[in-house]
Amino acid sequence: MKPFVALTIGSVVATSMIPKVNAEAIVDDTIVTLGESLSSNQQQWVLDRVEAPAGIDPIIATVADEEKYLGDAVPQAQRGGGMYSSARIKLMEEGTGLNIKTENVTWVTEDMYANALVTAGVTDADIYITSPIRVTGTSALTGIMKAYDVTASETGIELSEERKALAQEELAVTSEIGKTVGQDDVAGLMNEIKAAIANEKPETNIEIRDIVIQVLNQNNVQLSDTQLNRLTGLFENMQQANLDWGSISDGLKGAGQNVQSFLEQEEVKGFFARLFAALSNFFKSLTN
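These numbers come from a predicted model, not from an experiment.

K.L.:
Which residues make up the pattern of salt bridges, and what values go with them?
P.N.:
When their charged atoms lie close together, side chains carrying opposite charge are able to pair. Tallying each qualifying case throughout the model produces six salt bridges. Taking the shortest distance from any N to any O, the salt bridge between K164 and D149 comes out at 2.7 Å. With K164 in helix α6 (residues 161–181) and D149 in helix α4 (residues 138–150), the pair connects residues that are 15 residues apart, well separated along the chain. Under the relative-accessibility criterion, D149 is labelled partly exposed at 24%. Notably, a salt bridge pairs E161 with K164, separated by 2.9 Å at the nearest N-O pair. Placement of the pair is E161 and K164 together in helix α6, with a separation of three residues, close to one helical turn. Under the relative-accessibility criterion, E161 is labelled exposed at 57%. By relative accessible area, K164 is classed as buried at 6%. When salt bridges that share partners are traced, they join D149, E161 and K164 into one network.

Next up, the structure:
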(Lines give C-alpha, C1' and ligand atoms only; values in the text may rest on other atoms or scores of the structure.)
Protein backbone atom coordinates (compact mmCIF):
# COMPACT_ATOMS: atom_id res chain seq x y z
CA MET A 1 0.00 0.00 0.00
CA LYS A 2 1.29 3.46 -0.85
CA PRO A 3 2.06 5.91 1.96
CA PHE A 4 -0.72 8.35 2.67
CA VAL A 5 0.29 11.86 1.71
CA ALA A 6 -1.59 15.14 2.02
CA LEU A 7 -0.37 18.00 -0.11
CA THR A 8 -1.12 21.69 -0.35
CA ILE A 9 -0.43 24.01 -3.19
CA GLY A 10 -0.73 27.74 -3.26
CA SER A 11 1.30 30.93 -3.42
CA VAL A 12 3.25 33.17 -1.05
CA VAL A 13 5.29 36.34 -1.09
CA ALA A 14 6.74 35.93 2.40
CA THR A 15 7.71 32.61 3.95
CA SER A 16 9.09 33.86 7.25
CA MET A 17 6.16 32.41 9.16
CA ILE A 18 6.91 28.89 7.91
CA PRO A 19 9.00 27.02 10.47
CA LYS A 20 12.46 26.13 9.14
CA VAL A 21 14.05 24.55 12.22
CA ASN A 22 14.24 20.81 11.68
CA ALA A 23 11.53 21.24 9.02
CA GLU A 24 10.90 18.50 6.47
CA ALA A 25 9.02 18.33 3.17
CA ILE A 26 6.89 15.44 4.48
CA VAL A 27 5.52 15.56 8.02
CA ASP A 28 2.83 13.19 9.27
CA ASP A 29 2.40 11.90 5.70
CA THR A 30 1.75 15.49 4.59
CA ILE A 31 3.36 17.65 1.91
CA VAL A 32 2.67 21.37 1.59
CA THR A 33 3.51 23.61 -1.35
CA LEU A 34 2.82 27.33 -1.46
CA GLY A 35 3.07 29.67 -4.42
CA GLU A 36 4.85 32.97 -4.38
CA SER A 37 1.88 35.41 -4.48
CA LEU A 38 0.12 34.84 -1.17
CA SER A 39 0.58 37.42 1.58
CA SER A 40 1.71 36.11 4.97
CA ASN A 41 -1.89 36.32 6.22
CA GLN A 42 -3.18 34.42 3.16
CA GLN A 43 -0.40 31.91 3.62
CA GLN A 44 -1.53 31.24 7.18
CA TRP A 45 -5.12 30.98 5.97
CA VAL A 46 -4.08 28.25 3.55
CA LEU A 47 -2.09 26.38 6.18
CA ASP A 48 -5.01 26.52 8.60
CA ARG A 49 -7.50 25.55 5.90
CA VAL A 50 -5.59 22.41 4.95
CA GLU A 51 -4.60 21.64 8.54
CA ALA A 52 -0.89 21.60 7.74
CA PRO A 53 1.17 19.91 10.47
CA ALA A 54 3.74 21.83 12.51
CA GLY A 55 7.32 21.63 11.28
CA ILE A 56 6.40 21.28 7.61
CA ASP A 57 8.76 22.82 5.03
CA PRO A 58 6.52 23.95 2.15
CA ILE A 59 7.52 23.52 -1.47
CA ILE A 60 7.25 26.90 -3.18
CA ALA A 61 5.46 27.06 -6.56
CA THR A 62 6.69 29.95 -8.72
CA VAL A 63 5.75 31.61 -11.99
CA ALA A 64 8.78 29.89 -13.49
CA ASP A 65 7.35 26.57 -12.35
CA GLU A 66 4.08 27.41 -14.08
CA GLU A 67 5.96 27.95 -17.33
CA LYS A 68 7.76 24.65 -16.83
CA TYR A 69 4.73 22.52 -15.99
CA LEU A 70 2.02 24.20 -18.05
CA GLY A 71 4.06 25.77 -20.86
CA ASP A 72 1.80 27.23 -23.54
CA ALA A 73 -0.95 24.74 -22.72
CA VAL A 74 -3.01 27.23 -20.69
CA PRO A 75 -3.94 30.62 -22.20
CA GLN A 76 -2.23 33.52 -20.45
CA ALA A 77 -5.64 35.02 -19.67
CA GLN A 78 -6.46 31.95 -17.57
CA ARG A 79 -3.35 32.12 -15.39
CA GLY A 80 -4.80 34.90 -13.28
CA GLY A 81 -1.62 36.94 -12.91
CA GLY A 82 -0.56 35.35 -9.62
CA MET A 83 0.02 32.13 -7.71
CA TYR A 84 -2.79 31.65 -5.19
CA SER A 85 -4.70 28.37 -5.54
CA SER A 86 -3.80 25.67 -3.02
CA ALA A 87 -4.49 21.97 -2.64
CA ARG A 88 -4.35 19.19 -0.10
CA ILE A 89 -3.55 15.80 -1.59
CA LYS A 90 -3.73 12.50 0.23
CA LEU A 91 -2.36 9.50 -1.60
CA MET A 92 -4.74 6.57 -1.36
CA GLU A 93 -4.50 2.83 -1.90
CA GLU A 94 -3.98 1.58 -5.43
CA GLY A 95 -7.24 1.34 -7.33
CA THR A 96 -8.97 4.09 -5.34
CA GLY A 97 -8.84 6.59 -8.20
CA LEU A 98 -8.87 10.38 -7.93
CA ASN A 99 -11.34 12.31 -5.82
CA ILE A 100 -11.08 16.07 -6.35
CA LYS A 101 -12.98 18.93 -4.73
CA THR A 102 -12.42 22.62 -5.41
CA GLU A 103 -13.21 25.89 -3.63
CA ASN A 104 -12.88 29.43 -5.03
CA VAL A 105 -11.61 28.07 -8.37
CA THR A 106 -13.22 29.66 -11.43
CA TRP A 107 -11.66 28.05 -14.52
CA VAL A 108 -10.07 24.65 -13.91
CA THR A 109 -12.90 22.25 -13.13
CA GLU A 110 -12.62 19.17 -10.93
CA ASP A 111 -12.67 16.92 -13.98
CA MET A 112 -10.04 19.04 -15.75
CA TYR A 113 -7.73 18.54 -12.78
CA ALA A 114 -8.45 14.81 -12.79
CA ASN A 115 -7.84 14.33 -16.51
CA ALA A 116 -4.60 16.31 -16.62
CA LEU A 117 -3.22 14.73 -13.44
CA VAL A 118 -4.07 11.16 -14.46
CA THR A 119 -2.44 11.73 -17.84
CA ALA A 120 0.65 13.07 -16.06
CA GLY A 121 0.75 9.93 -13.91
CA VAL A 122 -1.00 11.05 -10.72
CA THR A 123 -3.52 8.47 -9.52
CA ASP A 124 -5.17 7.24 -6.33
CA ALA A 125 -5.40 10.48 -4.40
CA ASP A 126 -7.92 12.57 -2.51
CA ILE A 127 -7.35 16.19 -3.51
CA TYR A 128 -8.88 19.33 -2.04
CA ILE A 129 -8.04 22.56 -3.89
CA THR A 130 -8.73 25.92 -2.31
CA SER A 131 -7.73 29.60 -2.33
CA PRO A 132 -8.35 32.57 -0.03
CA ILE A 133 -9.58 34.48 -3.11
CA ARG A 134 -11.32 33.47 -6.33
CA VAL A 135 -8.72 32.33 -8.85
CA THR A 136 -8.49 30.36 -12.09
CA GLY A 137 -6.80 27.39 -10.39
CA THR A 138 -3.74 26.89 -12.61
CA SER A 139 -1.32 27.52 -9.73
CA ALA A 140 -2.65 24.49 -7.86
CA LEU A 141 -2.09 22.27 -10.90
CA THR A 142 1.46 23.59 -11.18
CA GLY A 143 2.15 23.00 -7.52
CA ILE A 144 0.78 19.48 -7.52
CA MET A 145 3.05 18.36 -10.34
CA LYS A 146 6.08 20.09 -8.82
CA ALA A 147 5.37 18.51 -5.43
CA TYR A 148 5.27 15.02 -6.95
CA ASP A 149 8.61 15.70 -8.64
CA VAL A 150 10.27 17.10 -5.50
CA THR A 151 9.07 14.26 -3.27
CA ALA A 152 9.51 11.42 -5.79
CA SER A 153 12.35 9.81 -3.83
CA GLU A 154 10.20 9.70 -0.69
CA THR A 155 6.87 8.69 -2.25
CA GLY A 156 8.19 6.46 -5.02
CA ILE A 157 5.88 8.22 -7.52
CA GLU A 158 7.71 9.60 -10.55
CA LEU A 159 6.05 11.61 -13.31
CA SER A 160 7.85 11.05 -16.60
CA GLU A 161 8.67 14.02 -18.83
CA GLU A 162 6.73 12.38 -21.66
CA ARG A 163 3.56 12.10 -19.59
CA LYS A 164 3.87 15.63 -18.25
CA ALA A 165 4.18 16.83 -21.85
CA LEU A 166 1.03 14.88 -22.74
CA ALA A 167 -0.76 16.51 -19.81
CA GLN A 168 0.26 19.91 -21.19
CA GLU A 169 -1.07 18.98 -24.62
CA GLU A 170 -4.30 17.71 -23.09
CA LEU A 171 -4.81 20.99 -21.21
CA ALA A 172 -4.30 22.92 -24.45
CA VAL A 173 -6.77 20.76 -26.37
CA THR A 174 -9.26 20.82 -23.48
CA SER A 175 -9.09 24.60 -23.40
CA GLU A 176 -9.72 24.79 -27.15
CA ILE A 177 -12.57 22.24 -27.22
CA GLY A 178 -14.09 23.90 -24.15
CA LYS A 179 -14.83 26.97 -26.27
CA THR A 180 -17.33 24.84 -28.18
CA VAL A 181 -18.47 22.25 -25.65
CA GLY A 182 -18.40 24.45 -22.55
CA GLN A 183 -15.82 24.46 -19.78
CA ASP A 184 -18.05 22.49 -17.41
CA ASP A 185 -18.55 19.64 -19.90
CA VAL A 186 -15.30 19.30 -21.84
CA ALA A 187 -13.33 17.35 -19.20
CA GLY A 188 -16.17 14.86 -18.82
CA LEU A 189 -16.05 14.38 -22.58
CA MET A 190 -12.30 13.71 -22.42
CA ASN A 191 -12.89 11.29 -19.56
CA GLU A 192 -15.48 9.42 -21.60
CA ILE A 193 -13.14 9.11 -24.59
CA LYS A 194 -10.42 7.69 -22.35
CA ALA A 195 -12.85 5.16 -20.88
CA ALA A 196 -13.98 4.13 -24.38
CA ILE A 197 -10.38 3.67 -25.53
CA ALA A 198 -9.64 1.60 -22.41
CA ASN A 199 -12.67 -0.56 -23.14
CA GLU A 200 -12.28 -0.98 -26.93
CA LYS A 201 -8.45 -1.16 -27.04
CA PRO A 202 -7.85 0.39 -30.50
CA GLU A 203 -4.68 -0.56 -32.33
CA THR A 204 -4.58 2.01 -35.14
CA ASN A 205 -5.04 5.76 -35.51
CA ILE A 206 -8.13 5.11 -37.60
CA GLU A 207 -9.69 3.11 -34.78
CA ILE A 208 -8.84 5.89 -32.30
CA ARG A 209 -10.46 8.47 -34.58
CA ASP A 210 -13.56 6.28 -34.90
CA ILE A 211 -13.87 6.06 -31.10
CA VAL A 212 -13.49 9.83 -30.72
CA ILE A 213 -16.15 10.48 -33.35
CA GLN A 214 -18.43 7.87 -31.76
CA VAL A 215 -18.22 9.54 -28.35
CA LEU A 216 -18.75 12.98 -29.88
CA ASN A 217 -21.86 11.74 -31.69
CA GLN A 218 -23.22 10.12 -28.54
CA ASN A 219 -22.92 13.49 -26.81
CA ASN A 220 -24.28 15.47 -29.77
CA VAL A 221 -21.03 17.43 -30.01
CA GLN A 222 -20.02 18.98 -33.31
CA LEU A 223 -16.43 20.19 -33.73
CA SER A 224 -14.64 21.92 -36.57
CA ASP A 225 -12.23 19.84 -38.64
CA THR A 226 -9.33 21.60 -36.92
CA GLN A 227 -10.69 20.83 -33.46
CA LEU A 228 -11.40 17.21 -34.37
CA ASN A 229 -7.88 16.78 -35.74
CA ARG A 230 -6.34 18.26 -32.56
CA LEU A 231 -8.50 16.01 -30.39
CA THR A 232 -7.73 12.82 -32.29
CA GLY A 233 -4.06 13.84 -32.54
CA LEU A 234 -3.88 14.07 -28.74
CA PHE A 235 -5.19 10.55 -28.25
CA GLU A 236 -2.95 9.24 -31.03
CA ASN A 237 0.04 10.72 -29.18
CA MET A 238 -1.17 9.10 -25.98
CA GLN A 239 -1.45 5.76 -27.77
CA GLN A 240 2.08 6.09 -29.16
CA ALA A 241 3.34 6.73 -25.62
CA ASN A 242 2.02 3.28 -24.68
CA LEU A 243 -0.10 4.58 -21.83
CA ASP A 244 -1.89 2.04 -19.70
CA TRP A 245 -5.44 3.01 -20.63
CA GLY A 246 -6.87 0.67 -18.02
CA SER A 247 -4.97 2.42 -15.22
CA ILE A 248 -5.96 5.81 -16.62
CA SER A 249 -9.61 4.80 -16.65
CA ASP A 250 -9.27 3.43 -13.11
CA GLY A 251 -7.56 6.64 -12.03
CA LEU A 252 -10.56 8.61 -13.19
CA LYS A 253 -13.13 6.42 -11.45
CA GLY A 254 -13.38 8.91 -8.59
CA ALA A 255 -13.85 11.88 -10.89
CA GLY A 256 -17.18 13.49 -11.65
CA GLN A 257 -17.94 11.62 -14.84
CA ASN A 258 -17.71 8.04 -13.57
CA VAL A 259 -20.33 5.39 -14.12
CA GLN A 260 -21.37 5.18 -10.49
CA SER A 261 -22.10 8.90 -10.21
CA PHE A 262 -24.00 8.65 -13.48
CA LEU A 263 -26.19 5.88 -12.13
CA GLU A 264 -26.81 7.84 -8.93
CA GLN A 265 -28.17 10.89 -10.72
CA GLU A 266 -31.87 11.38 -9.94
CA GLU A 267 -32.93 11.68 -13.57
CA VAL A 268 -31.03 8.48 -14.44
CA LYS A 269 -32.55 6.59 -11.51
CA GLY A 270 -35.94 7.86 -12.66
CA PHE A 271 -35.26 6.59 -16.18
CA PHE A 272 -34.33 3.10 -15.00
CA ALA A 273 -37.30 3.04 -12.65
CA ARG A 274 -39.59 3.82 -15.58
CA LEU A 275 -37.76 1.26 -17.73
CA PHE A 276 -38.10 -1.52 -15.15
CA ALA A 277 -41.76 -0.61 -14.60
CA ALA A 278 -42.42 -0.80 -18.34
CA LEU A 279 -40.67 -4.17 -18.60
CA SER A 280 -42.58 -5.46 -15.60
CA ASN A 281 -45.90 -4.39 -17.12
CA PHE A 282 -44.89 -5.95 -20.45
CA PHE A 283 -44.16 -9.37 -18.91
CA LYS A 284 -47.33 -9.20 -16.83
CA SER A 285 -49.30 -8.62 -20.03
CA LEU A 286 -47.79 -11.78 -21.48
CA THR A 287 -49.02 -13.86 -18.55
CA ASN A 288 -52.50 -12.35 -18.36
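K.L.:
Explain the nonpolar core residue by residue, including any values.
P.N.:
The biggest cluster of nonpolar side chains holds 62 residues, and the ones touching the most others in it are L117, I127 and F235. In terms of residue count, helix α7 (residues 183–200) provides more of this core than any other element does, eight residues in total. Look past the residues within four positions of L117 in its chain and what remains in contact with it is L98, I100, V122, I127, L141, I144 and M145. V32, L38, V46 and L47 belong to the second largest nonpolar core, which has seven residues in total.

K.L.:
Explain the environment of M92 residue by residue, including any values.
P.N.:
Relative to the elements of secondary structure, M92 occurs in the loop between β5 (86–91) and β6 (98–102). Judged by its relative accessible area of 23%, M92 is partly exposed.

K.L.:
Could you give me a rundown of the pairing of β5, with the residues and numbers involved?
P.N.:
Counting buried positions along β5 yields five of six residues, so the element is predominantly enclosed. One ladder, built from six bridges, connects β5 with strand β7 (residues 125–130); its direction is antiparallel. In the sheet register, L91 faces β7, and the bridge partner there is A125.

What counts and how
- Residues numbered from 1 in each chain as written.
- Predicted model: local features only at pLDDT ≥ 70, side-chain atom pairs only at ≥ 80, totals over all residues.
- Heavy atoms only, no water.
- Salt bridge = Lys/Arg side-chain N within 4 Å of Asp/Glu carboxyl O.
- Helix = DSSP H or I, 4+ residues; strand = E, 2+ residues; numbered from the N terminus.
- Buried < 20%, exposed > 50% of the residue type's maximum accessible area, 1.4 Å probe, protein only.
- Core = buried A, V, L, I, M, F, W, Y, C linked by side-chain atoms within 4.5 Å.
- Contact = heavy atoms within 4.5 Å.
- Pairing = 2+ DSSP bridges.

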